[in-house]
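This is what each chain is made of:
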Amino acid sequence: MTDPQTILEHARHGAAPANWRVFTKKRGKLSGLLHGSSRDPDPLLVITPEGAVEYRDDRTPPDVVGFADLDGVELKVRGQSFSDSSTVSIAVWLDLRYRGGGKAKWRPTAFGDDLQAIQGFLEAYGAHKALRGG
């Protein structure tokens with residue numbers, strides 16, 4: 001996988017190839033002030049044919065998932081409602097199984113339950129797996 005910083009810079013400057021999915025989110029002034037990140041670039045998630053890179057702020061290293069390191073991905077959904085409400089809260093994430101036997105929960109931190117981001121990850125991982133015969 002290409003260097004995560006290079007991927008983020010290409011996406012920030014509009015130089016992302018057509019086969020990348022780029023998700024951006026404006027950092028609110030209040031949020032930036034409260035978290036001490038008001039001068040940081042806006043959060044960014046880039047899904048490439050080789051993996052995903054998420055930038056949150058300058059104090060946190062980018063979160064990187066390389067598809068070649070994965071043995072499998074499973075979509076997880078949990079719904080919760082309260083007896084006094086007709087509203088249902090849904091949480092969505094991906095369970096990642098790594099080739100070395102490790103497991104991780106993936107949900108883009110800065111993008112919450114953005115279903116398009118999760119779908120983009122699943123589509124790119126599926127294409128990666130199909131192209132590599134796995």
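Values in this document were obtained by computation on a predicted structure and should not be read as measured data.

Looking now at the nonpolar core. Counting residues in each nonpolar core, the largest one holds 19 residues, and the members touching the most others are Ile47, Leu70, Leu96, Trp106 and Phe121. Within the residue set of this core, elements represented by two or more residues are strand 2 (44-48), strand 5 (70-81), strand 6 (88-98) and helix 3 (115-131). No other element matches the 5 residues that helix 3 contributes to this core. Other than its neighbours up to four places away in sequence, Leu70 contacts Val65, Leu96, Arg97, Tyr98, Arg99, Phe121 and Tyr125. One finds Leu8, Trp20, Val53 and Tyr55 within the second-largest nonpolar core, a separate group that totals 8 residues.

Looking now at the sheet that holds strand 4 (residues 63-66). If you walk across this open sheet you meet the 4 strands as 1-2-3-4, and the pairing is antiparallel. Each end of this open sheet is capped by a strand with a single partner; those strands are strand 1 (21-24) and strand 4. Ignoring which end each strand starts from, the neighbouring axes of this sheet average 5 degrees apart. In this structure, strand 2 lies alongside strand 3 (residues 51-55), joined through 5 bridges in antiparallel fashion. Along strand 3, the bridge assignment pairs Leu44 with Tyr55. Strands strand 1, strand 2, strand 3 and strand 4 of the sheet are contacted by helix 1 (residues 4-12), whose axis makes an angle of about 105 degrees with strand 2. In the packing of helix 3 onto the sheet, contacts are made with strand 1, strand 2, strand 3 and strand 4, and the angle to strand 2 comes to roughly 25 degrees.

Calculation notes
Residues numbered from 1 in each chain as written. Predicted model: local features only at pLDDT ≥ 70, side-chain atom pairs only at ≥ 80, totals over all residues. Heavy atoms only, no water. Core = buried A, V, L, I, M, F, W, Y, C linked by side-chain atoms within 4.5 Å. Buried < 20%, exposed > 50% of the residue type's maximum accessible area, 1.4 Å probe, protein only. Helix = DSSP H or I, 4+ residues; strand = E, 2+ residues; numbered from the N terminus. Contact = heavy atoms within 4.5 Å. Pairing = 2+ DSSP bridges. Axes fitted to C-alpha atoms, helices over the stretch in contact; angles between N-to-C directions.

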